[in-house]
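# Summary of structural features
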Amino acid sequence: MDKRKIAIVDGNEAAAHVAYRANEVCAIYPITPSSPMGELADQWAVERRTNLWNTVPQVVELQSEGGAAGAVHGSLQGGALTTTFTASQGLLLMIPNMYKIAGELTSTVFYVAARSLAAQALSIFGDHSDVMAVRSTGFALLCASCVQEAHDLALIAQAATLESRVPFIHFFDGFRTSHEINKIELLSDQDMRALISDELVWAHRARALNPDRPFVRGVAQNPDVYFQARESVNPYYERAPAVVQRAMDAFKKRTGRPYHLFDYFGDPQAERVLVLMGSGVEAAREAVEHLTERGEPVGVVQVHLYRPFSTEDFLKALPDTVKAVAVLDRTKEPGACGEPLYQDVVTVLSQAYSQGKRKTLPRIIGGRYGLSSKEFTPAMVKAALDELKKKRPKHPFTLGITDDVSHTSLAVDPDFRVSAPGVTQAVFFGLGADGTVGANKNSIKIIGEETDFYTQGYFVYDSKKSGSRTTSHLRFGPRPIRSTYLIQQASFVGCHQFNFLEKIDVLKVAAPGAVFLLNSPYGPEDVWDHLPGPVQEQILGKKLKFYVIDAYRMALENEMGTRINTMMQTCFFAISGVLPRQEAIEKIKGAIEKTYGKKGQEVVRKNFEAVDGTLANLFEVELPATTAGPALPSAVPPQAPEFVRNVTAMMMADRGDELPVSALPVDGTYPSGTTRWEKRNISQFVPIWEPDLCIQCGNCSFVCPHSCIRAKLYPEPALSGAPQGFKSAPLRGKGYPDQRYTLQVYVEDCTGCTLCVDVCPAKSKEVSGKKAINMGHKEPILAQERDSVQFFEALPQVERGRIDFSTVRGVQYLEPLFEFSGACAGCGETPYLKLVTQLFGDRMIVANATGCSSIYGGNLPTTPWSFNRQGRGPAWSNSLFEDNAEFGFGLRVSADKQLQQASELVEALREQIGADLAEEILSAPQRTEGQLIAQRERVTQLKEQLQALQDPRARHLLTLAGHLVRRSVWTVGGDGWAYDIGYGGLDHVLASGRDVNILVLDTEVYSNTGGQASKATPLGAVAKFAAAGKAVGKKDLALMAIAYGNVYVARVALGANPQQTLLALRQAEAYPGPSLIIAYSHCIMQGINMEHGLRQQELAVKSGCWPLFRYNPELKNVGQNPMELDSARPSVPLERYAYNELRYKMLTYTNPERAKQLLALAKADVEAKWAMYEYLARREAPAASAPPADGNHDAPLQEKTS
Amino acid sequence: MNLTTTYMGLKLKHPLVASASPLSRSVDQIKRLEDAGAAAVVMFSLFEEQIKHESNALAHFQEHGTESFAEALSYFPQIDQPFKLSSDQYLETLHQASHACQIPILGSLNGLTTEGWIRYARKMQEAGAAGIELNVYSIAANPTLPGSAVEQRYLDVLKAVKYAVDVPVALKLSPFFSSMAHMARQFDQAGADALVLFNRFYQPDFDLEALEVVPNLQFSTPFEIRLPLMWIALLYGKIKASLAATGGVHSGLEALKYLMAGADVVMTTSALLQHGAGYLGTLLQQVKEWMEAHEYESVSQMKGSMSQRNVADASAFERANYIKVLESFKGEYLTS
């Protein structure tokens, strides 16, 4: 057999490697966790890598998975070998085309990183819900359980689909396999050519649509023939399993790796057997090997080909001796008598028994495990096998959770572990920003490539985008590593952040005698006294070897910012002894050169110096005999609500797995405003206010993405009892004598983004570098500021009726009802959301498209959408990615209907509630805050009256009366939603005339899934799927909406003109029809210095890239031109804006000539667009258009924008 | 008429050279300068800080936010191809220009570390630079650093680069030495092939509204020739190194003055930035016309003719001249 190349890759890359080479077209759309497959295909195409037929595949991005499936269908019908990569909801969007593709017996393989479906909540993690939802499409389902299989079975699927003509889904578990890094043997082109027959490829082409020999396909059939035609494919499905097995046999012949439709592992005389598929098989194999060595008659059946299900092969695989079978499904089908695989096994065995093919009918139970990447361990396998011993085993059962509601869960022995001789297991806790994961991926490559060791790496990330915690699980050993679960006993624990010791149980995973490496600001002599008591106890109790290094100091000295990866990686190699020290250092340097070399020698030099300096700074700590450290602080304060204390706090402490079923809401409903209880303290530097310099303009508070800067004005006596150090200044403003002003920084929630400092206009006359707000060290002021925040919170909130909503200065006093989100530090989106909640939050309903904003807005454990002192706040929900406009529209229609009903009831009860009140309620204008307050008071009065009425209609009206205060319906999402996947719906809602406010947070790229191009991506910018720079201009969504004539449209950029943003939001909300606000949102994904995100916004406007305007149809009613340009003609060269951003700059490094060409095109585009807007703004006022469907017609809200 | 001159060992067809400026950013632009008649072109300066900054920024922004969030483990396409950083593009342009042009193309380097000076000087030589201009452009802002140390640094850089390359090396200087003449002599002894007098220092301005220090580089004016003119006239004939005059050349007259002071070449930037590359031909024409009108036969004939060594009143370049200026000032405004 040939010696094959060894590769250290994850499951996505392993699968994509085959997919790319065995196809001619890849139609793709990003969705986690499958996105990397499409990205790799795109990358390889850009690099001009060829496929098996020496041609570079076409990689095309579509606007949605539905679009991708359509394109795949078309491309297949056109005769090209075509594939796609997807997961979860993406796969569901492909279903209609999948029926067609299968119905037409079309050869293709779809690659799926299997993922949960959004039900009570979205989850990006792995299970089989998505593939199970398409099992009736006619696609074959071939399942891989590990990275090597993801690679191998990809080829088997490609070969089998051509021969069988049945289309295939080749799937593997999202994250657990798609993102696990493992050492595999790569298939060569010869291997692939050996399995994929050219004749079958030509036959595929010959079946394509071709005008040289025309036919029609895709006809409509009637009752006379549809049924028969549907049955005509049966022989193909009957043959398919044998085709797959033949491919598997051919594969074994070339590679030596045997596969079967069903593989059996364990005792050939087994009595108790598990049946399952996917990554769980690997853990099951480990457990079964362990148990059979100890004489237990157990085994496991691994399902590879799930559809078409081969009864015969299944029976062949299952030993005759089996008395009991437990079938494990990684999915849930509520209301079914069992999950799909269970039902199949029951059917197969019952049939076999009834047909006499089996002498006995084993007892069969079914269980669920591993939903949303829930851990699945050998101990759970043992629990299931043990359950089979019982007289009355549970069915259905669950594994890995505590089900105290339906009592389905099986008890699992927490101490059961399988032995792993010779395997080094290491766990590292780091921050996203410190480079820990990157370094560990590097270490895996070094060890995997330089030694005979097998390697495995798996990485766990928390749910925040800023200050996120990462946990790396690394295994190295002499045999292939099959442990598809997190490390439970590590011989090496690295904690790269000292403060984690107070937040999570870092040493829980440490095995007795393990090594503990801590990045510590304290040296070997004094670190002990700074450790929490429980940590000290574990170090002594487990007899750990304890090392410290002050890596942050070294990073500072080496000008490496917060990147401590190089130092920590060197320490790991130095202590663990996986490789000889000197050799390891050379390899680390080699990896550094490889990673950074092409980006210039400076970074290489710095990292080399860091490597060389590390060992001198690494110290072993001599352990004292006693512990005296403080106890761990509780995750949330005692005054937090019960749910937060009992449930949220557990998730925050990484103990969510311990929560029983009863602890969780049944319908996905969670309390608002829980981020306030999670003091994350992620920044060492925070803004410090200088009351004497401050001009109280409100700019800092306005731009703060995390709502950490708040202002209050209050009468002087309210200061009594203020804690020491509480800052206050006389209020600047006429008509407010004896009023004080405080700008309070919530230092524990601050991410240190510095946007507030950047935007502050007030400077000291003595020291020009000092502003009214400056960054300073948090530690010295932390205790005092905690007290100040507490006092500030107790100060009275300024009444909304007293606030001038029309100015940035006024808005600072409005309470933000979106606070402390986990968005990236300095996020460009969140200031808009915060502002919307300040203005309308107490009567607002939000439909949020899936994406960044739904994640920082709605990802557990804590969520930022909050409420005010009256308990009112935005009611928020997320439907899907693709339907958000329609979801918001539904909320509007619902509100309108209920308002109508409420109005009808008020009318009907006019006499009982008083004619005057009824009249006022029904006719009251509700545009200004004052009018809304008055209406709210009327409704309160109404409710009081209704309570006293006996009329059944009064009870009815009570449940609807809230709608009498105008609801503000907001549909929020990113450009991926608005420009691409959700555009059809968005367009429909714009055309509906309904009063829906649509806020598009335009980052010009798919931010949440990692930077793929959208139709909002501008010309010349580099993005994934546009690696060579986007060659076509950004879609002008605003202009498309303007074309309707009755849609309020605004383009805003808060950093360029906050006053215009404020006015546009208020006008949009007041406009009684559909409104579209497209908000420039700077983003980490643009490759910018986030500290200057607002300046970039300003440059975007000044360069003409992002002209500011408002199109207000109401102006037509007063004889004015609805189009108002709010920014001046371009005054800054485009490159001065663009080349501050890596997305543009990158092309000047990779392809300078093309960069020049695209820049010239982009300039022309900017000029043409500007001319168009200018024309629109200058023309005569057009005739008034049809009024919105449900609007009133007050005078338009008109104010100055600056 | 013989306009040829020799500058740091390079035979040039005439003494007008395009000095380091954005006009030499591409091969096409350099070709345009040649076509306009430049006798040589000094490419724009490659700054070591800029190279470092670029490398750091690229690494930082490519890594920033990566490996932090399960859905977005990276943000930019990972293309496995070398990046052409500014320095790579500089060297490529230099390489192409030196092949595309008949005239000498000089590299210009502004280093930070000794290693940087040497590395990039070597690379410029490899890329085909006919010579290298070291733009020693640092501000002695450290109050603990004595003048002697600053001077030594200049000398160290020069020696290091001279040792590293074979092509001639020019030193573009600032005028702020306690003893400019002595320094010039030391540079001469350390092997400088030419001295370029003077670079225009970064002199920041204040924005009073924003209370910020802002960069403010203005075009030179003809008046600015005075300082280099004086020093060229003083140094002419006293050192072996060639002398290049730069600053304030807006017409042929300034060029002529520099030549008469003793410059081997005259460099110009501002005039070309204002009027375009073609203006070089105009300058040359003006020089020629003046020479014809005044019956000069060659550049060498006039070179240094008004240097301190060759003028009738040598004290005109020293303190006595200062007193004369003050007297004339009084005469014009106070006594009449």
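By convention here, each chain's residues receive numbers from 1 onward along its written sequence. All chains are assigned letters beginning with A, and all ligands numbers beginning with 1, in the order in which they are written. Local features in this predicted model are restricted to residues of pLDDT 70 or higher, and side-chain atom pairs are both shown and tallied only at a pLDDT of 80 or more, whereas totals for entire chains, interfaces and linings draw on every residue. Side-chain descriptors were evaluated using all non-hydrogen atoms of the structure, hydrogens and water having been removed beforehand.

### Considering the overall build of chain B
Definition in use: Helix and strand definitions follow DSSP, with helices as H or I runs of at least four residues and strands as E runs of at least two, each counted in order from the N terminus. For a compact globule the rule gives 2.2 Å times the number of residues to the power 0.38, and the radius of gyration it is set against comes from C-alpha atoms. Only protein chains enter the area calculation, which uses a 1.4 Å probe; residues under 20% of their type maximum are buried, those over 50% are exposed, and those in between are partly exposed. It only takes one pair of heavy atoms within 4.5 Å for two residues to be counted as in contact. Here the accessible surface of atoms and residues is derived via Shrake-Rupley with a 1.4 Å probe, and residues count as covered only by protein chains that are part of the display.
The helix and strand tally for chain B stands at twelve helices and twelve strands. Taking 2.2 N^0.38 as the reference for a compact globule, 336 residues should give roughly 20 Å; the C-alpha atoms of chain B span a radius of gyration of 22 Å, in line with that estimate. Based on the C-alpha atoms only, the size of chain B along its principal axes is roughly 85 × 45 × 40 Å. Here chain B holds 336 residues, and 54% of them are scored as buried. Residue pairs at least 24 apart in sequence account for 70% of intrachain contacts in chain B once pairs closer than 6 positions are excluded. Accessible surface for chain B amounts to roughly 15,600 Å². Of this, 54% is attributable to carbon and sulfur atoms.

### Points about the nonpolar core
Residues and elements named next belong to chain A. Convention followed: Working definition of a nonpolar core: buried Ala, Val, Leu, Ile, Met, Phe, Trp, Tyr and Cys residues. They are joined through side-chain atoms within 4.5 Å.
Ranked by internal contacts, the top residues of the largest apolar core, which has 146 residues, are Leu999 and Leu1076. Among the elements that line this core, the one with the most residues is helix H42 (residues 1152-1178), at seven residues. What leucine 1076 contacts, discounting residues up to four positions off in sequence, is Leu990, Ile998, Val1000, Leu1037, Ala1041, Val1047, Tyr1048, Val1049 and Ala1050. Among the nonpolar cores identified, the runner-up in size contains 99 residues, and Ala19, Ala68, Leu187 and Val233 belong to it.

### What about the pairing of strand E11 (residues 242-246) of chain B?
Residue and element names in this part refer to chain B. Formally: Two strands qualify as a pair provided DSSP detects at least 2 bridges between them. Handedness is read with the strands pointing away from the viewer; a crossover is right-handed when the path from the first strand over the helix to the second is clockwise.
Burial of E11 is extensive: five of the five residues sit out of reach of the surface. Residue alternation in E11 divides its side chains into two sets, Ser242, Ala244 and Thr246 and Leu243 and Ala245, and both sets are buried. Across four bridges, strand E8 (residues 194-197) lies against E11 in parallel orientation. Across the sheet, the residue bridging to leucine 197 is alanine 245, located in E11. Traced from E11 through helix H8 (residues 252-261) to strand E12 (residues 265-268), the parallel crossover comes out right-handed.

### Here's the deal with the sheet that holds strand E5 (residues 105-110) of chain B
Using the following cut-off: Under this scheme, a helix contributes an axis fitted over its contacting stretch, all axes are lines through C-alpha atoms, and angles between N-to-C directions fall in the 0 to 180 degree range.
If you trace the eight strands once around the closed barrel, you get E3-E4-E5-E6-E7-E8-E11-E12 (chain B), paired in parallel fashion. On average, adjacent strands in this sheet sit at an angle of 25° to one another, irrespective of strand direction.

### Here we look at the pattern of salt bridges
Residue and element names in this part refer to chain A. Put simply, the rule reads: When a carboxyl oxygen of Asp or Glu is within 4 Å of a side-chain nitrogen of Lys or Arg, the pair counts as a salt bridge.
According to the stated counting rule, one finds 77 salt bridges over all chains in the structure shown. Lysine 1034 is paired through a salt bridge with aspartate 1002; the nearest N and O atoms lie 2.7 Å apart. Here aspartate 1002 lies in strand E31 (residues 997-1002) and lysine 1034 lies in the loop between E31 and helix H36 (1037-1042), a separation of 32 residues in the sequence. In this structure aspartate 1002 comes out as buried when scored by relative accessible area, which is 0%. Connected via shared salt-bridge partners are Arg4, Asp152, Glu185, Asp191, Arg254 and Arg257.

### Some points on the packing of helix H5 (residues 147-164) of chain B against helix H6 (residues 180-189) of chain B
All names here are of chain B. Heads up, the rule is: Note on terminology: angles under 35 degrees are roughly parallel, angles over 145 are roughly antiparallel, angles of 65 to 115 are roughly perpendicular, and the others are oblique. By convention the crossing between two helices is left-handed if the near helix lies anticlockwise of the far one by an angle smaller than a right angle, and right-handed if it lies clockwise. Only Asp, Glu, Lys and Arg are considered charged in this grouping, and only Ala, Val, Leu, Ile, Met, Phe, Trp, Tyr, Cys and Pro are considered nonpolar; every other residue, Gly among them, is considered polar.
At their nearest, the axes of H5 and H6 sit 10 Å apart, and the two run at 25° to each other. By the angle class used here, H5 and H6 are roughly parallel. For the crossing formed where H5 meets H6, the hand is right-handed. Contacts from Glu151, Tyr154, Leu155 and Leu158 of H5 reach H6 at Met183, Gln186 and Phe187. Residue classes in the contact of H5 with H6 are distributed as five nonpolar, one polar and one charged.

### What to know about helix H1 (residues 11-21) of chain A
Residues and elements named next belong to chain A. Going by this rule: Two N or O atoms count as a polar contact when they lie within 3.5 Å, although within protein this holds only if one can serve as hydrogen donor and the other as acceptor, and sequence-adjacent residues are included solely when both atoms are side-chain atoms.
In terms of burial, H1 is largely enclosed, as ten of its eleven residues are buried. If you check which residues of H1 are buried, you get Gly11, Asn12, Ala14, Ala15, Ala16, His17, Val18, Ala19, Tyr20 and Arg21. The opening residue of H1, the one whose side-chain oxygen lies 3.3 Å from the backbone nitrogen of asparagine 12, is aspartate 10.

### Observations regarding the packing of aromatic side chains
All names here are of chain A. Test applied: By convention, a stacked pair of Phe, Tyr or Trp rings (six-membered ring in the case of Trp) has centres within 6.5 Å and planes under 30 degrees apart, an edge-to-face pair has planes over 60 apart, and any other such pair is tilted. Criterion for a charge above a ring: Lys NZ or Arg CZ within 6 Å of the ring centre, and within 35 degrees of the ring normal.
If you walk through the whole model with that rule in mind, you get 38 aromatic pairs over all chains. Between the aromatic rings of tyrosine 746 and phenylalanine 792, the centroid separation amounts to 6.3 Å while the plane-to-plane angle is 85°, which identifies the pairing as edge-to-face. Of the two residues, tyrosine 746 is situated in the loop between strand E26 (739-745) and helix H24 (755-759) and phenylalanine 792 in helix H25 (residues 782-794); the sequence distance between them amounts to 46 residues. Residues tyrosine 746 and phenylalanine 792 agree in their burial class; the two are buried. The ring of tyrosine 236 carries arginine 239 above its face, with NZ or CZ at 4.9 Å from the centroid. A cation sits over an aromatic face here: lysine 382 above phenylalanine 416, 5.6 Å from the ring centre.

### With respect to helix H31 (residues 915-923) of chain A
Residue and element names in this part refer to chain A. Basically, it comes down to this: Each direction from the helix axis to a C-beta atom contributes to the arc, which is the arc of those directions.
Among the residues of H31, those classed as buried are Leu917, Ala918 and Ile921. Seen end-on, H31 carries its buried residues on one side only, within an arc spanning 100°. Tucked inside the fold, the buried residues of H31 contact helix H29 (884-908), helix H30 (910-913) and helix H32 (929-948).

### Overview of the sheet that holds strand E17 (residues 454-461) of chain A
Residues and elements named next belong to chain A. The mixed open sheet is built from nine strands, whose spatial order is E1-E8-E17-E18-E16-E19-E20-E21-E22. Sheet topology places strand E1 (6-10) and strand E22 (619-620) at the edges, where each strand pairs with a single neighbour. Pairing analysis gives five bridges linking E1 to strand E8 (residues 181-185), with the strands arranged antiparallel. Within E8, the position partnered with alanine 7 by the bridge is isoleucine 184. Packed on one face of the sheet, helix H6 (residues 147-164) meets E1 and E8 and runs near 45° to E8.

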